[in-house]
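Spelled out from the first residue to the last, the chains are:
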Protein chains: 2
Amino acid sequence: MSLEEKVLQRIRPSEKETAEIISTAERLKEKVRSYLSKNEYDIGVMLVGSVAKGTFLSDPDLDVFLIFPEKVPKQDMERIGLTAGEDILQGERMYAEHPYIRGKFDGLSVDLVPCFAVTDPSKLISAVDRTPFHTDYVISRTDGRLRDEIRLLKVFMRGIGAYGAEPNTRGFSGYLCETLVIFYGGFLNTVKAASEWREGVSIALEKKGPAMLGPMVLYDPVDPKRNVASAVHIDTFATFIAACKSYLVSPNEKFFFPPERSPLTENELRELSGGRGSRLVTVMFDRPDVNRDNLYSQIWKTRYAIARKLDSYDFTVLRAVHDMTRTKIILVFELERDVLSKTFKHIGPPVWVRSSASFLEKWKNNEYGGPFIDEGQWNVVAERRHRSVTEMLYDEAAVAGIGRDIIPETMELLGHDDTLTSVGKDLLTELLDPKHPWDV
Amino acid sequence: MSLEEKVLQRIRPSEKETAEIISTAERLKEKVRSYLSKNEYDIGVMLVGSVAKGTFLSDPDLDVFLIFPEKVPKQDMERIGLTAGEDILQGERMYAEHPYIRGKFDGLSVDLVPCFAVTDPSKLISAVDRTPFHTDYVISRTDGRLRDEIRLLKVFMRGIGAYGAEPNTRGFSGYLCETLVIFYGGFLNTVKAASEWREGVSIALEKKGPAMLGPMVLYDPVDPKRNVASAVHIDTFATFIAACKSYLVSPNEKFFFPPERSPLTENELRELSGGRGSRLVTVMFDRPDVNRDNLYSQIWKTRYAIARKLDSYDFTVLRAVHDMTRTKIILVFELERDVLSKTFKHIGPPVWVRSSASFLEKWKNNEYGGPFIDEGQWNVVAERRHRSVTEMLYDEAAVAGIGRDIIPETMELLGHDDTLTSVGKDLLTELLDPKHPWDV
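Note that the coordinates shown come from a computational prediction; the quantities given were computed from them, not determined experimentally. (Residues numbered from 1 in each chain as written. Chains lettered and ligands numbered in written order. Predicted model: local features only at pLDDT ≥ 70, side-chain atom pairs only at ≥ 80, totals over all residues. Heavy atoms only, no water.)

### Considering helix H4 (residues 74-89) of chain A
Piece 1. Between its first and last C-alpha, H4(A) extends 22 Å over 16 residues, near the 22 Å set by a 1.5 Å rise per residue.
Piece 2. Listing the buried residues of H4(A) in full gives A:Asp76, A:Met77, A:Ile80, A:Gly81, A:Leu82, A:Ala84, A:Gly85, A:Ile88 and A:Leu89. (Helix = DSSP H or I, 4+ residues; strand = E, 2+ residues; numbered from the N terminus. Expected span 1.5 Å × (residues − 1). Buried < 20%, exposed > 50% of the residue type's maximum accessible area, 1.4 Å probe, protein only.)

Below is the structure:
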């Protein structure tokens, strides 16, 4: 039996499990239909997502869409949709591009989402109106074999940490996995093809749409203006390619089921960093009360902004990681150094511009020597405003370009030793000893 | 009496001195003429340069040109010209663009230079054929007053270290000073105009020639294809502008006659560098047997090449100086640091290029952790090949792009402390406490 077959045996839901899930879904749909029958509008009920498409893994979510006629005003649609969800599921409101209800039904997670019955997915009213078309498309293009191949790709993506389009993962959505397997005709063919991908790869199952930016483009077969892979970040893209290359050379079930790592001890971490002579700094902010996905986008933005600032001041970032707890946002940076030379060459204006006069005036009594000319510009050896990384960040982090809801006044910094003693060992292990999941 | 008048009284040769110089020049010309009268060709003799133009300072050189008919073969012209010089002056051969003789006559330095009598300076055969036209041009455009103004500008240039087009100075030639004063109508007008110059200033006394690169362009009035200021480096250009700005604010005879500086002591130098936390390194090479001007070009090239190398390895040059003794070339650099962090982020190829396989193979057992992905590229925390500046230079100086006749195998390096004890204190003072000559 091939490795893929063995994996499939582990991940394909059993016939019994499948029957139960289908039956639960049917009962849910029936309950929703009967709830809605009292309503003045003619609202359709449709099971969408992986259960509808037959590409689900064990313990799937149920995605049920309430499909409103186009003529219904958007606020009516939202009000009726949310009330239905609250009444049927006793669930809570979630906010994607528009609100929906997340709850439980007979032990399964359920998303109950109102949308509009548009006739053409390129003419959608709300972003989720496309989903029913995606469901129909995948159902019509797959058979049992291909649905299993899709399951393999999803679990492979999950194993290598590339599964999911949400802002923290920046990876491959379920629908992207489905369209890739349909396009290439199977899991292994997808892996073989992806091992040869380069930045800018462009894939069209049906019509090719306009040129789009991003590491990869997969034109949505139901709406070629849209890139199904728009959430894929260059690093997730590269991780998938690297994993595919590696899998083809030495296939292993670790790609699908990476063993959990045990974090290194404080002493091991200290030795790792000490051995390479690097220095750590931790930047923490209070967690603002913002939607989780939105917040993760802001954390990535903050991480890049602070890394740029650290690099611009010559602390030189080797690596960075981030984490979020119930109350805190935590960023940890590994640096080449955390203390700078006392002075630096401050490059001023060209001699011939007007502002050179004020430069000369400002620096004429400079403690470290007067202005001198280099490459036609006034220069001066100036004292650094901040020599240590924490001094610099206290002064500069607020203007580095951090996420809009992240409040600079809540910033706390930990130097090298405090980072080693206080920050979670799993996060520090990820920082100081990063391993690909399939290498663990 | 104005400052300029006072300066002029010091620098203008007396009537007696002038008469003696003119008489010496006449006697030399007569001697050359009578020597050449035996020759088969009809060779003209012409006094050129500052004495001919009346713009000379005290103790001038005499420049006498032997003007050969165009039809004379170049090797005949050189042979006859050099033999004449050797016979008349017992001088030695010099090599500019073509050879000439430098010697002494009645106590004055003499250059005896063979050239061709071209009819149009744009159609020259050898580079010096233009010189007689320069001489005629300046004589025809100046009177006694303007010649004195030229003297002022030359001495001003000399005082600020910007006088001379030779490769070590990279400054303003005598002819450039002459044409500037003719163009602006006097010394002070030139200073006023130059205080407003910007990079790329373009000046045409007669016809404007084609666009040319460089910090400034002065189209040669006798040959507009040529830039009289082509030797002016951006830093000399900037120095002149800065000096002019400063002179207009506080005119002072120090601009013309900068007092000599006494070098700082070793302790003072050590404190200066220690105070700003900088580190010194000295790079020395044996002086190769090459024409002095050519060698200075190569020293500048070497200085820039090594500075680039130091910067690229993060040692970060604050300043540099150079010197040449009878046997050595000496470069000294002031650095932000002379020891680097043990490791650095080594950025490898994008994951999707073919060479990524060999990168992974090479680094898979890396002591400081395996490859990781950043911005779609493989990265690794790698040990630096060299941590100290001297280690780095021993490995890298030969391939930095040093001058072609400078032999990397002769390189000797001095670290911080050895530099302070062994290198000439005047050179270290110039490095660590640079002052504009007019500020001393």
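This is not the end of the story, as more comes after the structure.
### Details of the packing of aromatic side chains
How two aromatic rings sit relative to each other is set out by the distance from centre to centre and by the angle between their planes.
Piece 1. The tally for this structure, following the rule as stated, stands at 36 aromatic pairs over all chains.
Piece 2. Ring centres of B:Trp300 and B:Tyr304 lie 5.8 Å apart, and the angle between their planes is 25 degrees; this geometry places the pair in the stacked category. Taken as a pair, B:Trp300 and B:Tyr304 lie in helix H11 (residues 292-312) at a separation of 4 residues, close to a single helical turn.
Piece 3. A relative accessible area of 12% means that B:Trp300 is categorised as buried.
Piece 4. Residue B:Tyr304 is classed as partly exposed on the basis of its relative accessible area, which comes to 27%.
Piece 5. A network of ring pairs unites the aromatic residues A:Phe156, A:Phe172, A:Phe187, A:Trp197, A:Phe237, A:Phe240, A:Tyr247, A:Phe255, A:Phe256, A:Phe257, A:Trp438 and B:Trp352 as a single cluster.
Piece 6. B:Arg10 extends its terminal NZ or CZ atom over the ring of B:Phe257, reaching a point 3.6 Å from the ring centre.
Piece 7. Over the aromatic face of B:Phe56 sits the side chain of B:Arg151, whose NZ or CZ is 4.9 Å from the ring centroid. (Phe/Tyr/Trp six-rings, centres within 6.5 Å; stacked < 30°, edge-to-face > 60°. Lys NZ or Arg CZ within 6 Å of the ring centre and 35° of its normal.)

### Observations concerning unusual backbone geometry
Peptide bonds are trans in most cases, and residues, glycine excluded, mostly fall at negative phi.
Residues and elements named next belong to chain A.
Piece 1. In the Ramachandran plot, Arg170 falls in the positive-phi region, its phi being about 55 degrees despite a non-glycine side chain.
Piece 2. One non-glycine residue, Asp314, lies in positive phi territory at about 75 degrees.
Piece 3. Of note, Asp314 is situated in the loop between helix H11 (292-312) and strand S10 (317-324).

### Some points on the relation of the copies chain B and chain A
Piece 1. Least-squares fitting of chain B to chain A yields an RMSD of 0.2 Å, with the transformation described by 0.1 Å of translation along the axis and a rotation of 179 degrees. In the structure described here, the two chain copies are related by an operation that fits a two-fold rotation axis. For chain B, the minimum C-alpha distance to the rotation axis belongs to B:Asp314 and amounts to 4.4 Å.
Piece 2. Mapped onto chain A, 100% of the interface residues of chain B again fall at the interface, so both copies present the same surface. (Least-squares fit on C-alpha atoms with pLDDT ≥ 70 in both. Contact = heavy atoms within 4.5 Å.)

### Some words on the sheet that holds strand S11 (residues 328-335) of chain B
Residues and elements named next belong to chain B.
Piece 1. Strand order in this open sheet of 4 strands is S10-S11-S9-S15, and the pairing throughout is antiparallel. In the strand order of this sheet, the two ends are held by strand S10 (317-324) and strand S15 (412-414), each with one partner. Here the strands of the sheet are splayed against their neighbours by 15 degrees on average, with no regard to which way each runs.
Piece 2. Both strand S9 (residues 279-286) and S11 contribute to a ladder of 8 bridges, which runs antiparallel. Within S11, the residue paired with Leu280 across the bridge is Glu334.
Piece 3. Packed onto the sheet, helix H15 (residues 425-432) meets S9, S10 and S11 and runs at close to 150 degrees relative to S10. (Pairing = 2+ DSSP bridges. Axes fitted to C-alpha atoms, helices over the stretch in contact; angles between N-to-C directions.)

### Some details on the sheet that holds strand S6 (residues 201-204) of chain B
All names here are of chain B.
Piece 1. What the 3 strands build is an open sheet, ordered S6-S7-S8; its pairing is mixed. On the outer flanks of this sheet lie S6 and strand S8 (223-227), each paired with one strand and no other. For this sheet, the mean inter-axis angle between neighbouring strands, taken without regard to orientation, is 25 degrees.
Piece 2. Note: strand S7 (residues 216-220) against S8, 2 bridges, orientation antiparallel.

### Side note on the environment of A:Pro350
Residues and elements named next belong to chain A.
Piece 1. With respect to the helices and strands, Pro350 occurs in strand S12 (residues 343-350).
Piece 2. Residue classification places Pro350 among the partly exposed residues on the basis of a relative accessible area of 23%.
Piece 3. Sequence-wise, Pro350 and Gln377 are 27 residues apart; in three dimensions their C-alpha atoms are separated by 3.9 Å.
Piece 4. What Pro350 contacts, discounting residues up to four positions off in sequence, is Ser356, Gly376 and Gln377.

### Some remarks on helix H6 (residues 144-159) of chain A
Residues and elements named next belong to chain A.
Piece 1. When the terminal C-alpha atoms of H6 are compared, their 23 Å separation across 16 residues agrees well with the 22 Å that a helix rising 1.5 Å per residue should span.
Piece 2. Most of H6 is tucked away, with 12 of its 16 residues classed as buried.
Piece 3. The complete set of buried residues in H6 reads Leu146, Asp148, Glu149, Ile150, Arg151, Leu152, Leu153, Lys154, Val155, Phe156, Met157 and Gly159.
Piece 4. Along its buried surface, H6 packs onto helix H1 (3-11), helix H3 (49-53), helix H5 (131-141), helix H7 (174-184), helix H8 (187-194) and helix H9 (234-249).

### Focus: the nonpolar core
The nonpolar side chains of soluble globular proteins are, as a tendency, buried together.
Piece 1. Ranked by internal contacts, the top residues of the largest apolar core, which has 58 residues, are B:Phe156, B:Phe172, B:Trp197 and B:Phe240.
Piece 2. Excluding residues within four positions of it along the chain, B:Trp197 makes contact with A:Trp352, B:Phe172, B:Leu180, B:Tyr184, B:Ile203, B:Met216, B:Phe237, B:Phe240 and B:Ile241.
Piece 3. Among the nonpolar cores identified, the runner-up in size contains 56 residues, and A:Tyr175, A:Phe187, B:Phe359 and B:Trp378 belong to it. (Core = buried A, V, L, I, M, F, W, Y, C linked by side-chain atoms within 4.5 Å.)

### Here we look at the packing of helix H5 (residues 131-141) of chain B against helix H7 (residues 174-184) of chain B
All names here are of chain B.
Piece 1. The contact between H5 and H7 brings their axes to 11 Å, and the two run at 30 degrees. What the angle tells us is that H5 and H7 run roughly parallel. You can see that H5 and H7 cross each other, and the crossing is left-handed. In contact with His134, Tyr137, Val138 and Arg141 of H5, H7 contributes Tyr175, Glu178 and Ile182.
Piece 2. Residue composition of the contact of H5 with H7, grouped by class: 4 nonpolar, 1 polar and 2 charged. (Parallel < 35°, antiparallel > 145°, perpendicular 65-115°, else oblique. Left-handed = near helix turned anticlockwise from the far one by under 90°. Nonpolar A, V, L, I, M, F, W, Y, C, P; charged D, E, K, R; others polar.)

### Description of the interface of chain B and chain A
Piece 1. Listed per partner, the contact involves 41 residues of chain B and 42 residues of chain A.
Piece 2. A buried area of about 3800 Å², summed over both sides, lies between chain B and chain A, and 55% of it is on carbon and sulfur atoms.
Piece 3. Of all residues in chain B, B:Arg276, B:Leu318 and B:Trp352 bury the most surface against chain A, accounting for 18% of the area lost on that side.
Piece 4. The interface formed by chain B and chain A includes 2 salt bridges.
Piece 5. Between B:Arg384 and A:Glu336 there is a salt bridge; the shortest N-O distance is 2.8 Å. (Buried area = accessible area lost by both parts, 1.4 Å probe. Salt bridge = Lys/Arg side-chain N within 4 Å of Asp/Glu carboxyl O.)

### Some points on the packing of H7(A) against H8(A)
Residue and element names in this part refer to chain A.
Piece 1. At their nearest, the axes of H7 and H8 sit 8 Å apart, and the two run at 90 degrees to each other. One way to sum up the angle between H7 and H8 is to call them roughly perpendicular. Contacts from Leu180, Val181 and Tyr184 of H7 reach H8 at Phe187, Asn189, Thr190 and Ala193.
Piece 2. Of the residues contributing to the contact of H7 with H8, the split by class is 5 nonpolar, 2 polar and no charged.

### Some remarks on the confidence of the model for chain A
Piece 1. For chain A, the mean per-residue pLDDT works out to 94, and 99% of the residues sit at or above 70.
Piece 2. Model confidence for the complex is summarised by a pTM of 0.77, with the ipTM given as 0.87. (pLDDT = per-residue confidence, 0-100.)

### Structural notes on the side chain of A:Arg170
Residue and element names in this part refer to chain A.
Piece 1. Here Arg170 lies in the loop between H6 and H7.
Piece 2. Buried Arg170, no salt bridge; nearest opposite-charge side chain is Asp235, N-O distance 4.3 Å.
Piece 3. When near neighbours in sequence (up to four residues on either side) are disregarded, Arg170 contacts Gly164, Ala231, Val232, His233, Asp235, Thr236, Trp300 and Tyr304. (Lys, Arg positive; Asp, Glu negative; His and termini not counted.)

### Section: the side chain of A:His322
Residues and elements named next belong to chain A.
Piece 1. Residue placement: His322 occurs in strand S10.
Piece 2. A distance of 2.9 Å separates the side chain of His322 from the side chain of Arg303, its partner in a polar contact.
Piece 3. The residues contacting His322, other than those within four sequence positions of it, are Asn168, Tyr296, Ile299, Trp300, Arg303, Ile330, Leu331 and Leu427. (Polar contact = N/O pair within 3.5 Å; in protein donor to acceptor, adjacent residues only side chain to side chain.)

### Things to note about the pattern of salt bridges
Piece 1. In total, this model carries 66 salt bridges over all chains according to the counting rule given.
Piece 2. A:Asp395 serves as the salt-bridge partner of A:Arg385, at 3.8 Å between the closest nitrogen and oxygen. Here A:Arg385 is found in the loop between strand S14 (377-383) and helix H13 (389-396), whereas its partner A:Asp395 is found in helix H13, with 10 residues between them in sequence.
Piece 3. Judged by relative accessible area, which is 43%, A:Asp395 ranks as partly exposed.
Piece 4. Linking B:Arg337 and B:Glu336 is a salt bridge whose minimum nitrogen-to-oxygen distance equals 3.0 Å.
Piece 5. The class for B:Arg337 is buried, based on a relative accessible area of 9%.
Piece 6. Residue B:Glu336 is classed as buried on the basis of its relative accessible area of 6%.
Piece 7. Members of the salt-bridge network, linked through shared partners, are A:Lys309, A:Arg385, A:Asp395 and A:Glu396.

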